[in-house]
Protein chains: 6
Amino acid sequence: DFMNALEEVHPAFGVSEEELQQVVQNGIIHYDGIVDEILRTGELFIDQVRTSSRTPLVSILLHGPKGSGKTALAATIAQASQFPFIKLLTPDNMVGYSEGQKVAAINKVFTDSYKSPLSVIVVDSIERLLDFAPIGPRFSNAVLQALLVLFSRRPPKGRRLLVIATTSVRSVFPELGLSDAFDSELHVPPISSLRALDKVFREVELFQSSDDRRRAIAMLQQAGLGDEGEDGVSRLNIGIKKLLSVIEMARQEPEAVGERLTSALMGLGM
Amino acid sequence: DFMNALEEVHPAFGVSEEELQQVVQNGIIHYDGIVDEILRTGELFIDQVRTSSRTPLVSILLHGPKGSGKTALAATIAQASQFPFIKLLTPDNMVGYSEGQKVAAINKVFTDSYKSPLSVIVVDSIERLLDFAPIGPRFSNAVLQALLVLFSRRPPKGRRLLVIATTSVRSVFPELGLSDAFDSELHVPPISSLRALDKVFREVELFQSSDDRRRAIAMLQQAGLGDEGEDGVSRLNIGIKKLLSVIEMARQEPEAVGERLTSALMGLGM
Amino acid sequence: DFMNALEEVHPAFGVSEEELQQVVQNGIIHYDGIVDEILRTGELFIDQVRTSSRTPLVSILLHGPKGSGKTALAATIAQASQFPFIKLLTPDNMVGYSEGQKVAAINKVFTDSYKSPLSVIVVDSIERLLDFAPIGPRFSNAVLQALLVLFSRRPPKGRRLLVIATTSVRSVFPELGLSDAFDSELHVPPISSLRALDKVFREVELFQSSDDRRRAIAMLQQAGLGDEGEDGVSRLNIGIKKLLSVIEMARQEPEAVGERLTSALMGLGM
Amino acid sequence: DFMNALEEVHPAFGVSEEELQQVVQNGIIHYDGIVDEILRTGELFIDQVRTSSRTPLVSILLHGPKGSGKTALAATIAQASQFPFIKLLTPDNMVGYSEGQKVAAINKVFTDSYKSPLSVIVVDSIERLLDFAPIGPRFSNAVLQALLVLFSRRPPKGRRLLVIATTSVRSVFPELGLSDAFDSELHVPPISSLRALDKVFREVELFQSSDDRRRAIAMLQQAGLGDEGEDGVSRLNIGIKKLLSVIEMARQEPEAVGERLTSALMGLGM
Amino acid sequence: DFMNALEEVHPAFGVSEEELQQVVQNGIIHYDGIVDEILRTGELFIDQVRTSSRTPLVSILLHGPKGSGKTALAATIAQASQFPFIKLLTPDNMVGYSEGQKVAAINKVFTDSYKSPLSVIVVDSIERLLDFAPIGPRFSNAVLQALLVLFSRRPPKGRRLLVIATTSVRSVFPELGLSDAFDSELHVPPISSLRALDKVFREVELFQSSDDRRRAIAMLQQAGLGDEGEDGVSRLNIGIKKLLSVIEMARQEPEAVGERLTSALMGLGM
Amino acid sequence: DFMNALEEVHPAFGVSEEELQQVVQNGIIHYDGIVDEILRTGELFIDQVRTSSRTPLVSILLHGPKGSGKTALAATIAQASQFPFIKLLTPDNMVGYSEGQKVAAINKVFTDSYKSPLSVIVVDSIERLLDFAPIGPRFSNAVLQALLVLFSRRPPKGRRLLVIATTSVRSVFPELGLSDAFDSELHVPPISSLRALDKVFREVELFQSSDDRRRAIAMLQQAGLGDEGEDGVSRLNIGIKKLLSVIEMARQEPEAVGERLTSALMGLGM
Ligand SMILES: Nc1ncnc2c1ncn2[C@@H]1O[C@H](COP(=O)(O)OP(=O)(O)OP(=O)(O)O)[C@@H](O)[C@H]1O
Ligand SMILES: Nc1ncnc2c1ncn2[C@@H]1O[C@H](COP(=O)(O)OP(=O)(O)OP(=O)(O)O)[C@@H](O)[C@H]1O
Ligand SMILES: Nc1ncnc2c1ncn2[C@@H]1O[C@H](COP(=O)(O)OP(=O)(O)OP(=O)(O)O)[C@@H](O)[C@H]1O
Ligand SMILES: Nc1ncnc2c1ncn2[C@@H]1O[C@H](COP(=O)(O)OP(=O)(O)OP(=O)(O)O)[C@@H](O)[C@H]1O
Ligand SMILES: Nc1ncnc2c1ncn2[C@@H]1O[C@H](COP(=O)(O)OP(=O)(O)OP(=O)(O)O)[C@@H](O)[C@H]1O
Ligand SMILES: Nc1ncnc2c1ncn2[C@@H]1O[C@H](COP(=O)(O)OP(=O)(O)OP(=O)(O)O)[C@@H](O)[C@H]1O
Ligand SMILES: [Mg+2]
Ligand SMILES: [Mg+2]
Ligand SMILES: [Mg+2]
Ligand SMILES: [Mg+2]
Ligand SMILES: [Mg+2]
Ligand SMILES: [Mg+2]
C-alpha cells in the first residue's frame, strides 16, 4: 500500500523543479573532495527516509560561511531524491511578511508535505526566516518556536519526511535552542586552497590559456594566499558564490585579471 | 457516589488513545533499571490520586536531556492509569497560536478534566508551550502564568487530577519561578553505558549475528565510549530517541555499521 | 447609624463563604505556637477596623515560603471577622485575563466593598496577580500600580476596609515599590521541627499506632532532620501544604511509610 | 480687569472642597516647627502668583518619605489660597486608566485651570501618576512627558497658575529628567524625635493620663528610640500617617499600649 | 522671479507673530556680551539663506542649560528675519500626541514652509519633541528619525529654509545620532557673574534704591557667589528664566530680599 | 532577444532623472584623485552587470563620514549607466512611514526593476531607511531583514540589477549582519588636505583674486590645518557637503572670509 500511496500523489502541489534549478544557476563545480562527500551523505539520508519505518522524520543541517554553496547543495540533494514532494522554503518570497504570515507559510509547507508518502523540504537560510540580527540578538521568536516544533513533529502514519535546513549563523544556535534540533549536521566550508581555486578558474574558463592561468596562480601564491596565517588558518578564504562574482568583475579588465583577483582575494576590495 | 460518577463519565471528551500511542511509536525498551523505576513511581502517584481525598491535585515533572524518552514515558504512565479522562497537551497542535490562543487551549483541557472524577493530563514539552528561547531568555509570560496557576488550582469538589509535565530545560525553572510548582520531580537520564546500548541493539535487531554485535560493542569500547572523562561523566551520552535515529542511519550501510555508530556516538557527525 | 448601615447590607454581593472554606480544605492544624499567634494578631486588626474611625483602611501582608499555609490562614482570619462583606481575590479565576481585565476585576472588588460599612478583602498570591516571573523580573506593571493605589485609597466616608494580602515573593517587594504598602506584615514560616511534624502525623492519623509513629520520627532524627545545618538553619524545611501531599504519597506504601517520608523530606525526591 | 475676571469665574468647575478636606481627614498636628515653616512658605508662593505678572506660572514640589504628610500639607496650602480654581489631581481616580487616558485627564485639568484668572493644582503622588516601579525603573513615559510640558507651559495671557506636586521618590527625579522641573522644592521629613511623638500622643489622646504617657515615652527612650544610630540618623523614623495607624492598633490592647508602640516603632512588626 | 515668488506668498499660513512674542514675554535683557553675539550670528545665517543659492537649507542649534534663554533668543532671531514664513514648532501644543501625530505635525510644518521662497522654522525643545527621558535613555525613535531626515532634506527648487533648533540635552546628541545634524551650533550659557546679575536687577527694578541693590550684591559676594569653586566653575550658575522667578519670589518679602536671593542662588531652596 | 527586451522597456516607470540631478545640485568637484577612481570603479560594475550572465545581481556600498559626497557620487554612477531603469530609493520621501510601509515601498522598487532587462537602484542612506539610532542601537529590524533579502535575491531570468547603497554608519554593519551583504565596498573619504581645499575654493570662486586665496590658505596652514595630529590623522577633516556650507556662510562677511573659514574648519563653530 505504501507503493500505492506513492503513485497516487499528485505532482501538482509537489515538486518545485524550476525554483530548485534556479538556485543552482551556476551548477556544482567539484573543486574539492568535500563537495562529493556532502552529496553522498545526503543520499544516505534520502535512503534512510525511503526505507526505515522507525524514523519517519529525519532532519539535517548544512552550515557554513556566507556564500559557501549551502543552498545549491541542499537543492541538489533534494532534487536527486526524486521524492514526489520536494519544496524550497525560502525567505526570498517572504519580504514584508509579518511573523504570523511567515509562520503560516512555513506551517503550510509542512502540512502539505504530509499528503505525500515521501517528502523533502529545503528550509533555506534559517537566519533570514528568523529575521535574525546579531545585535541583541534580535529574531522572531514566533518563527523560531514554529521551526523547533516542526523540525521534530512526527508526520502522520505512513508519511515520511526529510528536512534539509541551511544556515550561516550556526554559532548562535545554542543561544536559540536550535543545537539539538537536527539529527545530523554537515559543514560546508569556504574555498581555502589554490588547488581548488585553480579548478574553478578552469571550469569557468576565466583565462585564455593555461599559461595565463598558471601565471595568475603564481601571482596569488606570491601574495601569500597559499600560506597559512599564524593562527594556522589559510589566508585564502572565500565562498564559491563570492568567488564567482569576483571572477566576473575581474573579467571586465582582460589586461589586469591577475591583479584584480589578487587584490579582491586579499580583502583589499577594488 | 464516587463510583457512580466514575461510571457516568462520557469517554467522548475523554481518552486520546491514538495520540498517546503515537508518541510511543517505538515502544519502551527496558535498557536500564531506571526505566522500570520511573514507571513504578508513576503508578504510585496514580494510586494516590485514586485513593486519597486530601490531595485532589497531584503534579509531577519528568525532566531530562533532549530525546531521553520523557514523552513516551509520560504517555505510558498516563495510559496505564485507565482513568476516564486522559489527555495529551502538546505544542505539536499549537504551531502559530498566539499567546492568548495557547492559554485558552491549555485552560480548556484543565476545565474539561474537571468533568471527570479522575483525570490525568500530560503537559508535554513545557519549554515549547512557553515559546522558550535560551537567549534572554525569552518566553511567553502569559503561558507561564497560566501554567503556574493551573498546576496548583484545586479541582472542584469530588474531582481529582494528576498532572504529568515534561521538560528538557529543568535548569532554568528557578528563573521562571517553576521550581516549586510540582509535588515531585523524576529525572529521565540519557543512555550512558555500553550495557544499555547492547540491550537496545539486540531489541531492534541491528546486527545479523551476536558476533557482529559483540564486535561493534568492542569497537565502541576501544573508541573510549565505555570510559568516563576526567569530569567523571561517561563519554557515551545519548538519548534513546536520537540513538534510534543513529541506528537507522547506520543500517543503510550494512558493511560499515560499526564505524558509522562509533563516529556518530563520538559526536563527530557523519 | 453605623449600626443601621451594618444591618442594611445585602449579603448577596457579600460573603463568599464557600470559596473561603475550600481554601482551608484540610483545616488548620495547630502544629506550633506561631499558628495561634498569627490568628490572634489577625483578630486585633479586625478589631481596629471595627472600632477606630481614624483608620478606615488597614492593610496587612501574610508572607512566607511556598505552601506554608498563607492562604488558609488569611481566609480563616477573614471568615472570623463576620463582616458583612468578605471577598477572596484569587488568580485562580483569572487564567487568561489580560492586564486590563485583571485590573478591572480587582478594582471592582474594592469598589463593591465600599458599599458595606465593614469589609475584608483577601488579596491572594500577589505574585500571581502580578504575573510575576523572577527572571527580569517580569510582571504586570498595570496590576502593580492598581494594587499600590488600592492598598492606600481611603474608602468613602463611613466605610471601613481590611485588606489581607498574601505572597511568597516578599523579598522582591522593594524592587516593586511594595515595601511600604502595608500597615503591618506577618511572617508565616515553614515547618522546621520534629515536634511540629509529630503533631501533624498524629492529626492526620498517618500511622496505625503510636509506636509506628515514634519509630518513624526516630528514623527522621537519625537522618539528621532534627539538626541544624552549618548555617544554623534547620534541615527540615517544608510547608504544611507540601507536607500533607508527601504524607498522602507515603500512605500508598504502608510497609515503607518511614522510608518514603525520610527520602522526600531530605529533598531526594522519590 | 484682572479683578473683573476674578469675579466672573464660575465656581462650578472650580474648587473641589470636599475632596481636599478628605485628604486632611486627621487634621494637621503641629508636632514640629517644620510643619509651620512649610505652610508659611506655601503662602508666599500663593502671594507671588497673585501679585507678580512676570511669573504667571509657579511650580513647587513637596517631597519626603512615604506617609510623611505631603498630600495633607499640599491640600492645606491650596485651600488657604482661596483661588477660584483649586483642583486635586490624584491617582485614586485613575485606577485602570490607560496611558492615553491619564494624559488626557491631566491635560484637561490644566486646560480647565486656564479659564480662571488664578488657579492652583495639586498634582498628588507623581510616582503613581507615572506608574513608577523601582525595578528597571519602569514608568509611563507618556505621562512623564505630559507633566514635563505642563509644568512649564505658560498659561494664556491674563491667567496665573500655581502647581503643587508631591512625591516620595524624589531621588529618581534626575533619571527622569524631573530635576529642574520645579521653581522650588520643599522637604517634608518623617517624625524622628520623642518630643514630636509626645506632641502627637497628646493630640490624639492616646493615654488616659499624663503619667501613662510619660511612662510610655520613657519606655521608648529606654528602647533606644531617642538615640541616633552610628550613622547619625535617628532610630525613630516614621511618617505621621503610619504613626497614626500604629497608635490606633495599639489602642486595641489598652493594657499593653506601651509595648505595642515600642515594638512597632522599632520595626519589629507585631 | 525669486522676488516675484516672494511677493506672492500669502501671509495667512505664514508668520505666527503672537506665538513668538509670547515666548519672549519678559523681553531680552542684555546682561552680557554673549547675548548680542548670539543675536548677531543669527542674523548672518538669515543673510546666508537669503542670498546664497548653493545652500537652500541651513540648520543651526541653540543649546544650553535649562532656562538659559534659548527659546526667547531663537524666537527673536526668527522674528528679525522678516521672512514671509516664520513658524514655532513647540511641544506645548502636542501634549498627549501619539508618535505618529507628532511626526505628522512636524512634517506638515516643513512641507508648509516649502510654499514660501524664504522660511524660518524654530524647532523648540528637541528633548520634549523626542519624549526624551534620561533613564535608558528613552525617546521616540520615530520623531528622532523624522527630525534627522527633515533637518537635511533639501527644499524644492527655488525654496530656502533656515531651521533654528533648541535643546538642553546637547550632551546626549551623539548617542542619538544628532551630532552632525546641524550646520552650526551656538552655546547659550547660564548667568555666572555678579556683574550680569546686577544688570538684571537694575533692568527689572528689584530694588527701591541703588544703595539697596549694592548692599544685596555685596551680600551675595560675601556668600561666595562671586568666587569660583575648586573646579574653576563659578558658584553662581542660574538661567535667566529661573533668575526672574527667584526675583519675583524675593519681591514678596520686601524686608528680606537680599536674604531670599542669597539662599535661593546658593541652591538652598526656600 | 536580450537586445529586444532592452528596447521594449517602457521608460515610464523607469529613470528618475530629475530626482537624481537634484542630489548632485552642486556638481562634482574633482578635488582629489580618489573622486575619479570611485567613478571609474563604478563604471566597471556597470559593465559587469551589462555583460556577464553569471552574475545577474551585483551590489556595492559607498561608505564614508557624514557629508563626504556619497549620495552625489552614487547618483552620478547610476546616471552614467544609461540603463532603462534607474531609481533613487531615499528616506526623504518616507517621513512618517511605518515599518510596513517602508518595507513595501522598498520591495516595490526592486520588483519594478525586474521588469527591465538592466536596472540600477541607488539605496540611499541605509541608516535612515533603518531608522537607526546609535544608542541601543535601535533600528527597524523589519527594514533590515527586507534589505538583507533584497540585496541577495536573484532577479528573474533575463533580468540584471546593480544595487548601489550608501551609508555613514559602516562601522555598525557587523552588528547588523550587513557585513557580507555587498559584493564590493568603496570608501568615500572626507577632505583632509589643503591642496584639495584650494581646488574647491577655486571651483566655487570664493575669492576675488588668487592672492586672496593664497593668503587664506596660508592662514589655514598657520592654524595647523595642514599638519597631522599625534595620531597621524590630518587636523583638516570635513565633508565636501559641509565645506560648501561653511564657504557660503563665510561669503556673508567678505572682509573676514579667511578668519571665518579658519575658525569653522578648526571646529570652533562661529
Ligand atoms: N561545489 C559547489 N557547491 C555549491 N555551489 C556551487 C558549487 N559550485 C558552483 N556553485 C555555484 O555557487 C553558487 C553558490 O551559491 P549559494 O546560494 O548556494 O551559496 P550559499 O552558501 O547558500 O550562500 P548564502 O550564504 O548567501 O545563502 C551557486 O550559484 C552555485 O551554482
Ligand atoms: N525506555 C524508553 N523510554 C522512553 N522511550 C523509549 C524507550 N525505549 C524506546 N523508546 C522510544 O524512544 C522514543 C523516545 O522519544 P520521546 O519523544 O519520548 O523523547 P523525549 O525525551 O520526549 O524527546 P524530546 O526531548 O525531544 O521531547 C520513542 O519513540 C519511544 O517509543
Ligand atoms: N496551621 C495551618 N496553617 C495553614 N494551613 C494549614 C494549617 N494546617 C493545615 N493546613 C492546610 O494546609 C494547606 C495550606 O495551603 P495554602 O494554600 O494555605 O498554602 P499557601 O502558603 O497559601 O500556599 P502557596 O504558597 O502555594 O499559595 C491547606 O490545605 C490547609 O487546610
Ligand atoms: N503635621 C501634619 N502634616 C501632615 N499630615 C498630618 C499632620 N498631622 C496630622 N496629619 C494627618 O496625617 C495624614 C498624612 O497623610 P498624607 O496622605 O498626607 O501623607 P503622604 O505623605 O501624602 O503619604 P503618601 O506618601 O502615602 O502619599 C493625614 O491623615 C493628615 O490628616
Ligand atoms: N538675554 C536674554 N536671553 C533670553 N531670554 C531672556 C533674556 N533676558 C530676559 N529673558 C527672558 O527670560 C526668559 C527665558 O526663557 P526661555 O523659555 O527662553 O528659556 P529656555 O532656555 O528656552 O528654557 P527651557 O530650557 O526651559 O526651554 C524669557 O521670559 C525671556 O523673555
Ligand atoms: N567630488 C564630489 N563628490 C561628491 N559630491 C560633491 C563633490 N563635489 C561637489 N559635491 C557636492 O557636494 C554635495 C555632496 O552631498 P551629498 O548629499 O552627496 O553627501 P553625502 O555624503 O551623501 O551626505 P550625507 O552623509 O548627509 O548623506 C552635493 O551637493 C554635491 O553636488
Ligand atoms: Mg543560501
Ligand atoms: Mg518530548
Ligand atoms: Mg496561597
Ligand atoms: Mg500622599
Ligand atoms: Mg525653551
Ligand atoms: Mg547622502
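Above this text is the structure in question.
Read on for a plain summary of the structure. The model shown is predicted, which means the values in this text are computed figures rather than measured ones.

Here we come to the overall build of chain A. Counting its secondary structure elements, chain A contains 12 helices and five strands. Viewed in the frame of its principal axes, chain A has a C-alpha envelope of about 60 × 45 × 35 Å. With 270 residues in all, chain A has 56% of them scored as buried. By sequence separation, contacts in chain A at least 24 residues apart represent 78% of the contacts at least 6 residues apart. Surface accessibility of chain A: about 11500 Å² in total, with carbon and sulfur atoms responsible for 47%.

What follows deals with the interface of chain D and chain C. Contacts between the two partners involve 28 residues from chain D, matched on the other side by 34 residues from chain C. Of all residues in chain D, V95, I135 and Q252 of chain D give up the largest surface area on contact with chain C, accounting jointly for 21% of the area buried on that side. Here chain D is connected to chain C by one salt bridge. In this structure, E248 of chain D engages R54 of chain C in a salt bridge whose closest nitrogen and oxygen atoms are separated by 3.4 Å.

This part takes up the relation of the copies chain E and chain F. Relative to chain F, chain E is turned by 60° and slid 0.0 Å along the rotation axis, the superposed coordinates differing by an RMSD of 0.0 Å. The superposition operator between the copies reduces to a six-fold rotation axis. Among all residues of chain E, the minimum C-alpha distance to the rotation axis is found for G136 of chain E, at 9.0 Å.

This brings us to the pattern of salt bridges. Per the counting criterion, the structure on display carries 72 salt bridges over all chains. D198 of chain E is paired through a salt bridge with R202 of chain E; the nearest N and O atoms lie 2.9 Å apart. With a gap of four residues between them, D198 of chain E and R202 of chain E both fall in helix α9 (residues 194-203), about one helical turn apart. Through salt bridges with shared partners, a single ionic network connects R54 of chain A together with E248 and R251 of chain B.

All right, on to the packing of helix α11 (residues 240-251) of chain B against helix α12 (residues 257-265) of chain B then. Residue and element names in this part refer to chain B. Here α11 crosses α12 at 145°, and the two axes come no closer than 9 Å. Crossing hand, α11 versus α12: right-handed. Residues L243, V246, I247, M249 and A250 of α11 touch α12, and the partners they reach there are V257, R260, L261, A264 and L265. Class assignment for the residues of the contact of α11 with α12 results in nine nonpolar, no polar and one charged.

Turning to the site of ligand 2, a few remarks are in order. Residue and element names in this part refer to chain B. Lining the immediate surroundings of ligand 2 are 19 residues, of which G27, I29, G69, K70 and T71 lie closest. Of all elements in the fold, only α4 (70-81) and α11 reach the threshold of two or more residues within the shell around ligand 2. Top contributing element to the shell around ligand 2 by residue count: α4, with four residues. For the shell around ligand 2, the per-class residue count stands at nine nonpolar, seven polar and three charged. If you count residues domain by domain, the shell around ligand 2 takes at least three from each of domain 1 (2-187) and domain 2 (194-265).

Sheet strands pair via backbone hydrogen bonds, and the direction of the pair is either parallel or antiparallel. All names here are of chain C. The five strands lie next to each other as β2-β3-β4-β1-β5, forming an open sheet whose pairing is parallel. Here the strands that pair on one side only, and so sit at the sheet edges, are β2 (85-89) and β5 (184-187). When the angles between neighbouring strand axes are averaged without regard to direction, this sheet yields 15°. Where strand β3 (residues 118-123) and strand β4 (residues 160-167) come together, six bridges link them in parallel fashion. Residue pairing across strands places I121 opposite V163, the latter belonging to β4. Helix α4 (residues 70-81) rests against β1 (57-63), β2, β3 and β4 of the sheet, and its axis sits at about 165° to β4. Against the sheet, helix α5 (residues 99-113) touches β2, β3 and β4, its axis set at about 170° to β2.

A surface patch of negative charge is lined by D227, E228, E230 and D231 of chain A. Inspection of the secondary structure puts E230 of chain A in the loop between α10 (210-222) and α11 (240-251).

Here we come to the packing of aromatic side chains. Here the structure, examined in full by the defined rule, presents 18 aromatic pairs over all chains. Ring geometry for F201 of chain A and F207 of chain A: centres 5.6 Å apart, planes at 75°, overall edge-to-face. Each member of the aromatic cluster is reached from another via a ring pair, and the members are F151, F173 and F182 of chain A. The ring centre of F139 of chain A lies 4.7 Å from the NZ or CZ of R138 of chain B, which sits over that ring.

So, about the site of ligand 6. All names here are of chain F. Among the 19 residues in the neighbourhood of ligand 6, the closest are listed as G27, I29, G69, K70 and T71. The contact in question runs from an oxygen atom of ligand 6 to an N or O atom on the backbone of N26, over 3.0 Å. Considering ligand 6 on its own, with 630 Å² of exposed area, one finds that the protein chains cover 96% of that surface. Counting only elements with at least two residues in the shell around ligand 6, the list comes to α4 (70-81) and α11 (240-251). In the shell around ligand 6, the residues fall into nine nonpolar, seven polar and three charged. Both domains that furnish three or more residues to the shell around ligand 6 are identified here as domain 1 (2-187) and domain 2 (194-265).

Looking along the chain, the bond that leaves G136 of chain E and enters P137 of chain E is cis, with omega of -10°. Along the chain, P137 of chain E turns up in the loop between α6 (126-129) and α7 (141-150). Within the chain, D131 of chain D stands out as a residue other than glycine whose phi angle is a positive 50°. Phi angles above zero are rare outside glycine, and S125 of chain F is one such case at about 60°. You can see S125 of chain F is positioned in the loop between β3 (118-123) and α6 (126-129).

Moving on: the environment of H63 of chain B. Residue and element names in this part refer to chain B. Inspection of the secondary structure assignment puts H63 in strand β1 (residues 57-63). Residue H63 is classed as buried on the basis of its relative accessible area, which comes to 13%. Separated by 123 residues in the primary sequence, H63 and L186 place their C-alpha atoms 6.4 Å from one another. H63 has contacts with K70, T167, R170, E185, L186, H187 and V188, leaving out every residue within four places of it along the chain.

The closest approach of any C-alpha atom in chain A to one in chain D is 18 Å; the two make no contact. The two partners chain B and chain F share no contact, and the minimum distance between any of their C-alpha atoms is 16 Å.

Thresholds, definitions, all that
Residues numbered from 1 in each chain as written. Chains lettered and ligands numbered in written order. Predicted model: local features only at pLDDT ≥ 70, side-chain atom pairs only at ≥ 80, totals over all residues. Heavy atoms only, no water. Helix = DSSP H or I, 4+ residues; strand = E, 2+ residues; numbered from the N terminus. Buried < 20%, exposed > 50% of the residue type's maximum accessible area, 1.4 Å probe, protein only. Contact = heavy atoms within 4.5 Å. Areas by Shrake-Rupley, 256 points an atom, 1.4 Å probe, with all protein chains shown as cover. Buried area = accessible area lost by both parts, 1.4 Å probe. Salt bridge = Lys/Arg side-chain N within 4 Å of Asp/Glu carboxyl O. Least-squares fit on C-alpha atoms with pLDDT ≥ 70 in both. Axes fitted to C-alpha atoms, helices over the stretch in contact; angles between N-to-C directions. Left-handed = near helix turned anticlockwise from the far one by under 90°. Nonpolar A, V, L, I, M, F, W, Y, C, P; charged D, E, K, R; others polar. Near = heavy atom within 4 Å. Domains from an automatic or database assignment. Pairing = 2+ DSSP bridges. Patch = residues over 30% accessible without salt bridge, like charges linked within 9 Å, V, L, I, M, F, W, Y side chains within 5 Å. Lys, Arg positive; Asp, Glu negative; His and termini not counted. Charge placed at Lys NZ, Arg CZ, Asp CG, Glu CD. Phe/Tyr/Trp six-rings, centres within 6.5 Å; stacked < 30°, edge-to-face > 60°. Lys NZ or Arg CZ within 6 Å of the ring centre and 35° of its normal. Polar contact = N/O pair within 3.5 Å; in protein donor to acceptor, adjacent residues only side chain to side chain.

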